[in-house]
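As a plain string of letters, each chain reads:
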Amino acid sequence: MANTASTDAGLAPPRPLAPARADGPARPILTVDLAALQANWRALDALSGQAEAGAVVKADAYGCGLDPCARALRDAGAKTFFVAQAPEGVATREALGPDGPETIYVLNGFWPEDAEMFRAARLVPALVSLAQVDAWSAEARAQGRPLPAALHIETGITRMALTSAELDVLRRAPPEGVEVELVMGHLACADTPGDAMNSRQRGAFAGRGALAKPLAPGARRSLGATGGILLGANFHFDLTRPGIGLYGGLPFAEAQRVVRLDAPFLQVREIPAGETVGYGGTWRAARPSRIGVLPLGYADGFQRAAGGKPEARVFVDGRAAPLVGRVSMDMITVDLTDLPEPAPGAPAEVLGPNQSVDELGDVFGSFAYEVLTGLGARYGRAYVGDA
């Protein structure tokens, strides 16, 4: 790596900016606004019309913290929850309480090695293959009672789901002990309202859902997640599955912002024109500059791809401070030359009123889902607005 140490004997030494108070933050603080989360659920529930709105809490509630978020969503009115994996379902049941009436669907379906988790947490699988249907039927026989399930049917996204041919097999030989209470599908292009794929998938879902009718005469139907809710009533059916919109991301443009990330300045350096900053010496000061060091990097979900991008920035008292140099594992550096020097331990806003998860995702060449689910485990966490 390039040695960027200055040889200018007159250069002022770096000034550490420790927190002004002994109890001040020494690491970034991620603040999750549970009242905003609840407001987003209520708004998406209202937009769902006659359909019930569930809540998707997979991936640690999109990085926001499963335990507090699941409880807040329950308190807002959510009765149906969706996770990807059985361990997430167990954690959701623990958050909601062991005797809670809420239904928890596992989107990856049932795997026999997870049977004890399904039993203990009363999880319901979204069955995606004939093998899974057979395994769940065997589990029902083992328990000596019928077990509820969802059927996830293929409509065009071409992932784990039951095809029309597989539905025909099930119609000819209905599985013993499997009580289908939900038939669901998933849209591939819901975040692009004008995409013709949406109407094709809706038609396929209606048609293939009819094929499943003999298996599940009283089952509810579910097709739309956040984007599907926004496509309108034709996509709502009986149950919607809001996910990213709950946590403040597009395509729900009216969402309240749920997460804020602030990082304290650990150090400020005054450097002369011509000095380089960071690994590889990729940024060189065109003028005498003031550089601030913040304690987060790609190990914390602040992606290395942001380095060198003119739109990459944080905010100090509402004013933009551009990122300079490469993103390292634990630190980023920003240009404070045109801003007042921050006070000891003063925070820089990484996410918040001035920069949304979608805007930061654009900087990364990514999107809000990846920003949220990549939020680092090293952040201090604060939860506010718990109703």
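Up top you'll find the structure we're talking about.
The structure presented is a predicted model; accordingly, all values stated were derived computationally and were not measured.

(A) Highlighting the overall build of the protein. Looking only at helices and strands, one finds 11 helices and 21 strands in the protein. Dimensions along the principal axes, computed over C-alpha positions, put the protein at roughly 85 × 45 × 40 Å. Expressed as a percentage of the 387 residues in the protein, the buried residues total 50%. Taking the intrachain contacts of the protein between residues at least 6 apart in sequence as the baseline, contacts between residues at least 24 apart amount to 68%.

(B) View of the pairing of strand E16 (residues 289-294). Most of E16 sits out of view: 6 of its 6 residues are buried. Here E16 shows two buried faces, one formed by Ser 289, Ile 291 and Val 293 and the other by Arg 290, Gly 292 and Leu 294. Of the strand pairs in this sheet, strand E13 (residues 267-271) and E16 are connected by 5 bridges, and their pairing is antiparallel. Pairing of Arg 269 across the sheet is with Ile 291, part of E16.

(C) Molecular detail of the sheet that holds strand E10 (residues 220-222). Strand order in this open sheet of 7 strands is E4-E5-E6-E7-E8-E9-E10, and the pairing throughout is parallel. The open sheet has two edge strands, strand E4 (55-56) and E10, and neither has a second partner. Here 3 bridges tie strand E9 (residues 178-184) to E10, and the two strands are oriented parallel to one another. In the strand pairing of E10, Met 184 is matched with Ser 222.

(D) Inspection of the environment of Ala 210 at higher detail. Structurally, the position occupied by Ala 210 is in helix H8 (residues 196-211). Judged by its relative accessible area of 48%, Ala 210 is partly exposed. C-alpha of Ala 210 to C-alpha of Thr 155: the two residues are 55 residues apart in sequence and 13 Å apart in space.

(E) The packing of helix H1 (residues 34-47) against helix H3 (residues 66-76), seen in detail. Contact geometry of H1 with H3 gives a least axis separation of 9 Å together with a crossing angle of 45°. In terms of their interaxial angle, H1 and H3 are classed as oblique. The handedness of the crossing between H1 and H3 is right-handed. The residues of H3 that touch H1, namely those facing Leu 34, Leu 37, Gln 38, Trp 41 and Arg 42, are Pro 68, Cys 69, Ala 72, Leu 73, Asp 75 and Ala 76. For the contact of H1 with H3, the per-class residue count stands at 8 nonpolar, 1 polar and 2 charged.

(F) Highlighting the pairing of strand E5 (residues 80-83). Along E5, one buried face is formed by Thr 80 and Phe 82 and the opposite face, lined by Phe 81 and Val 83, is buried too. Where E4 lies against E5, 2 bridges are found, and the strand directions are parallel. Bridging from a neighbouring strand, Val 56 pairs with Phe 82 of E5. Here E5 runs beside strand E6 (residues 103-106); their pairing, made up of 4 bridges, is parallel. Within E6, the position partnered with Phe 81 by the bridge is Ile 104.

(G) Highlighting the pattern of salt bridges. Applying the stated rule across the entire model yields 12 salt bridges. Across the salt bridge formed by Asp 338 and Arg 287, the nearest N and O atoms sit 2.9 Å from each other. Here Asp 338 is found in the loop between strand E19 (332-335) and strand E20 (347-351), whereas its partner Arg 287 is found in the loop between strand E15 (283-284) and E16, with 51 residues between them in sequence.

(H) The arrangement of the state of the cysteines in detail. Per the counting criterion, the structure on display carries 0 disulfides. Of all cysteine sulfurs in the structure, the one in Cys 64 sits closest to Cys 69, which takes part in no disulfide; the separation is 5.1 Å.

(I) Focus on the layout of surface pockets. Taken as a whole, the largest pocket holds about 880 Å³ of empty space. Surrounding the largest pocket, 35 residues form its lining, Lys 58, Tyr 62, Arg 159, His 186 and Tyr 369 being those nearest its centre. The set of elements that each furnish at least two residues to the lining of the largest pocket consists of helix H2 (58-62), helix H9 (226-231), helix H10 (357-364) and helix H11 (368-373). Classifying every residue of the lining of the largest pocket by side-chain character gives 19 nonpolar, 9 polar and 7 charged.

Each value, and the rule that gives it
- Residues numbered from 1 in each chain as written.
- Predicted model: local features only at pLDDT ≥ 70, side-chain atom pairs only at ≥ 80, totals over all residues.
- Heavy atoms only, no water.
- Helix = DSSP H or I, 4+ residues; strand = E, 2+ residues; numbered from the N terminus.
- Buried < 20%, exposed > 50% of the residue type's maximum accessible area, 1.4 Å probe, protein only.
- Contact = heavy atoms within 4.5 Å.
- Pairing = 2+ DSSP bridges.
- Axes fitted to C-alpha atoms, helices over the stretch in contact; angles between N-to-C directions.
- Parallel < 35°, antiparallel > 145°, perpendicular 65-115°, else oblique.
- Left-handed = near helix turned anticlockwise from the far one by under 90°.
- Nonpolar A, V, L, I, M, F, W, Y, C, P; charged D, E, K, R; others polar.
- Salt bridge = Lys/Arg side-chain N within 4 Å of Asp/Glu carboxyl O.
- Disulfide = S-S within 2.5 Å.
- 1 Å grid on protein atoms, 1.4 Å probe; cavity = no way out; pocket = protein on both sides within 12 Å on 5 of 7 lines; lining within 4 Å.
- Points joined across faces, edges and corners; volume = space filled by probe spheres on them.

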